[in-house]
Amino acid sequence: MSDGVEGNDERRRTGNAAGPEPQGVPEPRPGEPEPAAQPEPAPLVKAGTAGRTEARAGAKTDEPATGEADDAAPEAPDASGTPADAPPDSTDTPDGPEAPDEAGDGLRYERLPDAPPPILDGVRARPPAPPGLATLVAAAVTALLSGLLLGDGLAVNALILALPLAAGAWFAARQAGRRPRRSSLCWGAGGLALLAVPVWSDAEWPTLLAVLAAAGLGALALHGCRKWSGVLLAPLGPVLAVRRALVWGWRGARERTAGGEKDLGPLLRSVLVAVVLLVVFGGLFAAADRAFADLLGSLVPDVDGGSGVPWRLFLAVLGLAAALAVAHTAAAPTRWDGLGPGPGRPRGRVEWALPLVLLDLLFAAFVAVQAAVLLRGEDVVRASNGLTYSEYAREGFWQLLFATVLTLAVISVAVRVAPRSGPRDQLLVRAVLGTLCLLTLVVVASAVRRMDLYMGEYGLTRLRLSVVAMELWLGAVVLLILAAGVFGARLLPRAVLASAAVAVLAFGLASPDKLIAESNLDAHRDGRTLDLRYLAGLSADAVPALDRLDEPLRSCALRSIAVPDAPWYATSLSQARAHDILTARPVRHHPCRDLLTDDISPSVR
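The numbering scheme is per chain: residues are counted from 1 as the chain's sequence reads. Owing to the predicted nature of the model, reporting of local features is limited to residues with pLDDT of at least 70; listing and counting of side-chain atom pairs is limited to 80 or more, with chain, interface and lining totals taken over all residues. Here the side-chain values reflect all heavy atoms present in the structure, with hydrogen atoms and water set aside.

Caption draft 1: Local environment of the overall build of the protein. Think of it this way: any DSSP run of H or I at least four residues long counts as a helix, any run of E at least two long counts as a strand, and we number them from the N terminus. Each helix and strand counted, the protein has 26 helices and two strands in total. Partly exposed residues are those whose accessible area sits between 20% and 50% of the maximum for their type, while under 20% is buried and over 50% is exposed, using a 1.4 Å probe and protein chains only. Counting only residues that meet the buried cut, the protein has 36% of its 605 residues in that class. Note on contacts: a residue pair qualifies if any of its non-hydrogen atoms lie within 4.5 Å across the two residues. Long-range pairs, those at least 24 residues apart, make up 76% of the contacts in the protein between residues at least 6 apart in sequence. For accessible areas, the Shrake-Rupley method is used with a probe of radius 1.4 Å. Any residue's cover is judged against the shown protein chains and nothing else. Carbon and sulfur atoms provide 64% of the accessible area of the protein, an area that totals close to 35,400 Å².

Structure, rendered in structure tokens:
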């Protein structure tokens, strides 16, 4: 007892801040489970009373900071022995306010509010269980095929890689207890259908567009989103899940290699034995027969040495990360629909309708002028502004295209703030916005007509064909908005995305370079000049059309078109067809410099 009194006296004399032993959760007895960890309290700060604020220390420049003052003059412990200047993370920190310090500042500890959660915490699913054997095998197959088939171009290899990706997502979703909706299955089938474009076409620009659209549909199939926020943000899901997916896959692999019923050891040993047997006997058969060696060489990817091996290893790692990210997203998708903004504050009828009615009148005046000009012909155009018909058409196309896009933005904002207090408001919204949509369709038709006149005069190019296709799709979107005004807007986001996917698929399967070559050759047959330099820069899709030219124009046009000798999995059908044509009728060596710069007279078979 005397030792304890002496110890307390010693602490009072030295100002030791150490308090009594914390009276927290007692240690568990042997054999008892450990108690659950208590959540850490929120950080505590000193706050002033009676009008004092936390900025007091900063306002007095001649006084030390709070931490320095506490170090210089430690406060006395309270009745329980707990010091007043205990750090926020100390187990001795009191829950209530402390007594004022000796200096009489009236400072006390005050609990800060909790920090706001990250923006995705409310929409992100719980971490899924480690992946099963089927998911890991699908990811491994994807990594292997990525290292072997990628790197030489895109063709049927894109479709081959999509199959194990989809299988891994299916297995992960089933393991997590998710049953795919019919809409998700439709989006997945649409993504696979878009990958038919690189199988069919050699042109890089439709192929890239189709691959990006396929990735977007695949992301939508994984998340099952229905609102605008989900449709627009769903492609971010697999990208943001890469880091968590790698850790998730590593945990699954560790569980499967730790022994037990689900051990991967027997499967790995079986695969290794199969590979050794195939390599040994395949090499023997290839050495014994040249025909079999040629067949085996055309089927097996060529993994060359040197720089090719690191590049293919990188592609394999990239494929593995992509497969795990897709599977993780399928097992625990982010609910992007929860991030969508709510309906805007409704405006009054006059405030909402007046700007839109005036805009409708402006559209109507423009449509009336367009009808008078475009229907009466070139003489009216030349007399009014001195331009030819084609110059007049080119001059206003881009403005009309931008006006169409801007009109869609106006409609989206108007719908959010539209009055909705009763049936009369609903009728007003439908009348005003319906009129605007109908007039926008006329503007779309005017823009397409302008570009058609211009292409009829100067021929078809990639840019002209692309912007016309874009304008037509915008017209389809306006029609969908009209339908949403009648039948409801619940399906509008998915309908717009589906229309975009159909447009990309149709655009890619139509072989734009082939259409461009055929259009220019038809105009050349009618007596117009031929831009041979532009045609020589097209892809292998244009070879069947350019093969109709007479020599030396044919050889000059086909000489610059590259048809690489790629493996079977990286060769599109257009490349194979062009290769057969050039093999049957090789390109001749002609001097083509003058032919590529001068105007060419008609010479098409």
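Right, picking up where we left off after that structure.
Caption draft 2: Summary view of a nonpolar patch on the surface. On the surface, a cluster of nonpolar side chains totalling about 1,000 Å² of accessible area is made up of Leu 272, Val 273, Val 276, Leu 277, Val 280, Phe 281, Leu 284, Phe 285, Phe 292, Leu 295 and Leu 296. Counting residues per element, the ones that place at least two in the nonpolar patch are helix H12 (265-288) and helix H13 (290-299). Ranked by residues supplied to the nonpolar patch, first place goes to H12 with eight residues. Note on placement: Leu 272 falls in helix H12. Patch membership is restricted to residues that have no salt bridge and whose relative accessible area is over 30%. Joining uses 9 Å for like charges and 5 Å for the nonpolar side chains Val, Leu, Ile, Met, Phe, Trp and Tyr. Should a side-chain nitrogen of Lys or Arg be within 4 Å of a carboxyl oxygen of Asp or Glu, the pair is scored as a salt bridge.

Caption draft 3: Region of the structure containing the packing of helix H8 (residues 204-223) against helix H20 (residues 492-509). In the contact formed by H8 and H20, the axes pass within 9 Å of each other and the chain directions differ by 150°. The orientation of H8 with respect to H20, classified from their angle, is roughly antiparallel. The two elements H8 and H20 meet at a crossing, and its hand is left-handed. Counted together, Trp 205, Pro 206, Leu 209, Ala 210, Ala 213, Leu 217 and Leu 220 of H8 and Leu 497, Ala 501, Val 504, Phe 507 and Gly 508 of H20 form the full contact between these two elements. Each residue gets one label: Ala, Val, Leu, Ile, Met, Phe, Trp, Tyr, Cys and Pro are nonpolar, Asp, Glu, Lys and Arg are charged, and the others, such as Gly, are polar. Residue composition of the contact of H8 with H20, grouped by class: 11 nonpolar, one polar and no charged. Orientation is described by axes fitted as lines to C-alpha atoms, over the contacting stretch for helices, and by angles from 0 to 180 degrees between their N-to-C directions. Comment on the angle field: the value is read as roughly parallel under 35 degrees, roughly antiparallel over 145, roughly perpendicular from 65 to 115, and oblique elsewhere. In a left-handed crossing the near helix is turned counterclockwise from the far helix by less than a right angle, and in a right-handed crossing that turn is clockwise.

Caption draft 4: Quick look at the nonpolar core. In this description, a nonpolar core means a group of buried Ala, Val, Leu, Ile, Met, Phe, Trp, Tyr and Cys residues linked to one another through side-chain atoms lying within 4.5 Å. Grouped together as the largest cluster of nonpolar side chains are 49 residues, with contacts concentrated most on Met 451, Leu 521, Leu 532, Leu 546 and Leu 549. In this structure, Ala 158, Leu 194, Leu 217 and Cys 225 belong to the second largest nonpolar core, which totals 19 residues.

Caption draft 5: Expanded view of a positive patch on the surface. All tallies of charge rest on Lys and Arg as positive and Asp and Glu as negative; His and the ends of each chain are not included. By convention, the point assigned to a charge is CZ for Arg, NZ for Lys, CD for Glu and CG for Asp. Judged by side-chain charge, Arg 181, Arg 226, Arg 335 and Arg 490 come together as a positively charged surface patch. Turning to its location among the elements, Arg 181 is positioned in the loop between helix H5 (156-175) and helix H6 (182-194).

Caption draft 6: Geometry of the pattern of salt bridges. Tallying each qualifying case throughout the model produces 10 salt bridges. In this structure, Arg 312 and Asp 152 form a salt bridge, with 3.3 Å as the shortest nitrogen-oxygen distance. Residue Arg 312 is found in helix H14 (residues 308-331), and its partner Asp 152 is found in the loop between helix H4 (133-149) and H5; the two are separated by 160 residues along the sequence. Residue Asp 152 is classed as partly exposed on the basis of its relative accessible area of 30%. For Arg 349, the salt bridge goes to Asp 425, with nearest N and O atoms at 2.5 Å. Taken as a pair, Arg 349 in helix H15 (residues 349-376) and Asp 425 in helix H18 (residues 423-458) lie far apart in primary sequence, 76 residues in all. Using a relative accessible area of 2% as the deciding quantity, one classes Asp 425 as buried. Within the structure, one salt-bridge network assembled from shared partners comprises Asp 547, Glu 551, Arg 554 and Arg 585.

Caption draft 7: Molecular detail of the environment of Val 199. On the secondary structure map, Val 199 appears in helix H7 (residues 196-200). Classification of Val 199 by relative accessible area gives partly exposed; the value is 21%. Considering only alpha carbons, one finds Val 199 and Ser 574, 375 residues apart in sequence, at a separation of 8.4 Å. For Val 199, the contacting residues outside a window of four places in its chain are Ala 155, Val 156, Ser 572 and Leu 573.

Caption draft 8: Here's a closer look at the confidence of the model for the protein. Scored from 0 to 100, pLDDT reflects the predictor's confidence in each residue. When the pLDDT values of the protein are averaged, the result is 76; 70% of them are 70 or greater. Considering only residues more than four positions removed or in separate chains, one finds that residues 1-34, a stretch of pLDDT under 50, has 14 contacts. Contacts of residues 601-605 to residues separated by more than four positions or lying in other chains number 19 contacts, the stretch itself having pLDDT below 50.

Caption draft 9: Expanded view of H6. Compared with the 18 Å implied by 1.5 Å per residue over 13 residues, the 18 Å span of H6 between its first and last C-alpha is a close match. Among the residues making up H6, those that are buried are Ser 184, Trp 187, Gly 191 and Leu 194. Viewed end-on, H6 has its buried residues packed into an arc of 85°, placing them on one side of the element. In H6, the exposed positions angled more than 90 degrees off the buried face are occupied by Arg 182 and Cys 186. Against the buried residues of H6 lie H7, H8 and H20. By definition here, a helix of n residues has an expected span of 1.5 Å times n minus one. Think of it as the arc spanned by the lines of direction from the helix axis to the C-beta atoms.

Caption draft 10: Structural context of the packing of helix H11 (residues 242-256) against H14. The N-to-C vectors of H11 and H14 enclose an angle of 95°; their axes lie 8 Å apart at closest approach. Considering their axes alone, H11 and H14 lie roughly perpendicular with respect to each other. For the pair H11 and H14, the contacting residues are Val 242, Arg 244, Ala 245, Leu 246, Trp 248 and Gly 249 in the first and Ala 321, Leu 324, Ala 325, Ala 327 and His 328 in the second. Class assignment for the residues of the contact of H11 with H14 results in eight nonpolar, two polar and one charged.

Caption draft 11: Local environment of the environment of Ala 500. Following the sequence through the fold, Ala 500 ends up in helix H20. C-alpha of Ala 500 to C-alpha of Trp 473: the two residues are 27 residues apart in sequence and 7.2 Å apart in space.

Caption draft 12: Representation of the packing of aromatic side chains in the model. Here a pair means two rings of Phe, Tyr or Trp (six-membered ring of Trp) with centres within 6.5 Å. Their orientation is stacked below 30 degrees between planes, edge-to-face above 60, and tilted elsewhere. Scanning all chains against the criterion turns up three aromatic pairs. The interplanar angle of 75° and the centroid separation of 5.4 Å between the aromatic rings of Trp 205 and Phe 507 together place this pair among those described as edge-to-face. You can see Trp 205 sitting in helix H8 and its partner Phe 507 sitting in helix H20, a full 302 residues away along the chain. We classify Trp 205 as partly exposed; its relative accessible area is 24%.

Caption draft 13: Structural context of the environment of Gly 283. The residue Gly 283 is located in helix H12 in this model. Taking relative accessible area as the criterion, Gly 283 reaches 36% and is therefore assigned partly exposed. Gly 283 sits 10 residues away from Ala 293 along the chain, and the two C-alpha atoms are 8.5 Å apart.

Caption draft 14: Structural detail: the side chain of Thr 135. Here Thr 135 lies in helix H4. Look at Thr 135 and you get buried, because its relative accessible area is 2%. Definition of a polar contact: a pair of N or O atoms within 3.5 Å, with one able to donate and the other able to accept a hydrogen when the atoms are protein atoms, and with sequence-neighbouring residues admitted only if both atoms are side-chain atoms. Polar contacts involving the side chain of Thr 135 include one to the main-chain amide nitrogen of Ala 172, which spans 3.4 Å. Discounting residues that sit within four places of it in the chain, Thr 135 has contacts with Gly 168, Phe 171, Ala 172, Gln 175, Trp 248 and Ala 327.

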